[in-house]
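# Fold and geometry: a report
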Amino acid sequence: MSDHRRLFGLTIPARRALILALFAAAAPHAVHAQTLQGRAVDRATQQPLADAEVTLVDAQGEAAASARSGADGSFRVTGSAAGAYRLTARKLGYQTMLSNVLQLAEGEVLQVEARLTPQEPEAVADAGAAEGERGISGRVAEEGTGRSVSGVSVTLLNERGQNMGSVTTDGEGNFHIPVTTPGRYSLRAQRIGYQRSTSSPITVVPSDVVRVELLVSTDAVVLAPLTVVAASRSVVRNPRVAAFQWRQEHHPWGRFLGPEQIARIRPFYATDVLQQAPGVQVIGGGLNRVPTMRGRFGDRCVPTFYVDGHRSLAGNGLGIDDLVNGSDIAAVEVYDKPFEAPAEFTPSIGESTINCGVVVIWTRPPGERGR
């Protein structure tokens, strides 16, 4: 046998035999996998759904494995150890699916069917607005003359000033920018021959149709350049609860206490509100009341608190009543498990609070407090 037919001292037939032997030796270990396999389907039509994102979540809320369904809707995900898991499945145009707890024994292969429910088209107050018009539409005009300005670059900025997309005004000065994520946004307009202009913030959720007029000037003057001239009824005037209201309608997990329910409570302390929130139990009395939730191990624990989107110091020697007035609370979100909360409200891995739930509190704007 020539040298080019040998590798590491083995002939090609011997190498093939070795490879087959290695596969044979590895095969018995494969049965120890804890696997979910099945297919993703449309709940209404039972048709398979391709490219659905399927994730196996362990008892700690960590993603143990993920996959995307094939053209026939089939998928396969495998956990690293036996135990309790939940399966999530999501696809654009469908509600996120979350299964009940599934107990996987060592070596078990469980057949499942992930049924995703189509999202119903959202009703828009402006009946004449088509789906593609949702977002911010408007016109750029010249300060003083009111004349439409074409060729203006209009950029959508989030609260951090990041560019979320740009468009250019047409010959009539018109533009449209879709909004796919709820939040507070500003518009920046710039064109050669005009001063760059940045609007004041406006709160938008994906179902909104907001129409604005944006002013630009040839002079170096400070303007108040944004005027909302029309909007759908779903535009939220309190920016603190815009995302709350969007998640209340779309988020598959979490329980919500809205402004109307809180108004009926007439709270003085924050715990007056929280003891009415589903999944929360207030223990203690007087000035020592502590909101608790059911922990991962069945015990009572103090949840992680977020107030107006920021991590709260509650639980570090301060009670939530020390930090928030009950009469200032506009809305509350409750998530039984950390992994069920939106990503911006998920405690860091390794924190002791990862074993407890999450409570998100939104307060009323300062100008509306005391009313």
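The structure contained in this document is the topic of the report that follows. (Residues numbered from 1 in each chain as written. Predicted model: local features only at pLDDT ≥ 70, side-chain atom pairs only at ≥ 80, totals over all residues. Heavy atoms only, no water.)

Strands in a sheet are paired, the pairing made by backbone hydrogen bonds, and the direction either parallel or antiparallel. What the 3 strands build is an open sheet, ordered E6-E3-E10; its pairing is mixed. Among the strands making up the open sheet, the edge pair consists of strand E6 (74–79) and strand E10 (109–116). Neighbour-to-neighbour, the strand axes of this sheet turn through a mean angle of 30 degrees, independent of strand direction. In this structure, strand E3 (residues 34–42) lies alongside E10, joined through 8 bridges in parallel fashion. Note that in E10 the partner of Arg39 across the bridge is Glu113. (Pairing = 2+ DSSP bridges. Helix = DSSP H or I, 4+ residues; strand = E, 2+ residues; numbered from the N terminus. Axes fitted to C-alpha atoms, helices over the stretch in contact; angles between N-to-C directions.)

Moving on to the pairing of E3. For a regular strand, the rule is simple: side chains alternate between the two faces of the sheet. Most of E3 sits inside the fold, with 7 of its 9 residues counted as buried. Sheet topology note: the E3/E6 ladder contains 6 bridges and is antiparallel. Looking at E6, one finds that Thr35 is bridged to Thr78. (Buried < 20%, exposed > 50% of the residue type's maximum accessible area, 1.4 Å probe, protein only.)

Within the structure shown, the criterion is met by 5 aromatic pairs. Relative to Tyr335, the ring of Phe256 lies with its centre 6.4 Å away and its plane at 90 degrees, an arrangement referred to as edge-to-face. Of this pair, Phe256 sits in strand E20 (residues 255–257) while Tyr335 is found in strand E26 (residues 329–335), placing the two residues 79 residues apart along the sequence. A residue is classified by how much of its surface remains accessible, and Tyr335, at 0% relative accessible area, is buried. For the ring pair Phe268 and Tyr269, a centre distance of 4.9 Å and an interplane angle of 90 degrees mean the geometry is edge-to-face. Taking the relative accessible area as the measure of exposure, Tyr269 reaches 30% and is therefore partly exposed. (Phe/Tyr/Trp six-rings, centres within 6.5 Å; stacked < 30°, edge-to-face > 60°.)

This part covers the pairing of strand E27 (residues 358–363). Counting buried positions over the 6 residues of E27 gives 6, a clear majority of the element. Going residue by residue along E27, you find Val358, Val360 and Trp362 tucked away on one face and Val359, Ile361 and Thr363 tucked away on the opposite face as well. With 4 bridges joining them, strand E24 (residues 304–307) and E27 adopt parallel strand pairing. Each residue of the ladder has a partner; that of Tyr306, found in E27, is Val360. Sheet topology note: the E26/E27 ladder contains 6 bridges and is antiparallel.

Our next topic: the sheet that holds E24. Here 5 strands make up an open sheet; going across it, the order is E20-E26-E27-E24-E25 and the pairing mixed. Each end of this open sheet is capped by a strand with a single partner; those strands are E20 and strand E25 (310–311). The strands touched by helix H2 (residues 242–250) are E20, E26 and E27; relative to E26, the strand with the most contacts, the crossing angle is about 40 degrees. (Contact = heavy atoms within 4.5 Å.)

Where H2 is concerned, the buried positions are Ala242, Ala243, Phe244 and Arg247. Those residues of H2 that are buried lie in contact with strand E17 (202–204), E20, helix H3 (259–265), E26 and E27.

Counted by the stated rule, this structure contains 8 salt bridges. For Arg68, the salt bridge identified is with Asp51, shortest N-O distance 3.6 Å. Placement of the pair is Arg68 in strand E5 (residues 63–68) and Asp51 in the loop between E3 and strand E4 (53–58), with a sequence separation of 17 residues. For Arg68, a relative accessible area of 48% puts it in the partly exposed group. Glu340 serves as the salt-bridge partner of Arg86, at 2.9 Å between the closest nitrogen and oxygen. On the criterion of sequence distance, the pair formed by Arg86 in strand E7 (residues 83–90) and Glu340 in the loop between E26 and E27 is long-range, its members being 254 residues apart. Among the residues examined, Arg86 registers a relative accessible area of 16% and is labelled buried. Residue Glu340 is classed as buried on the basis of its relative accessible area of 7%. (Salt bridge = Lys/Arg side-chain N within 4 Å of Asp/Glu carboxyl O.)

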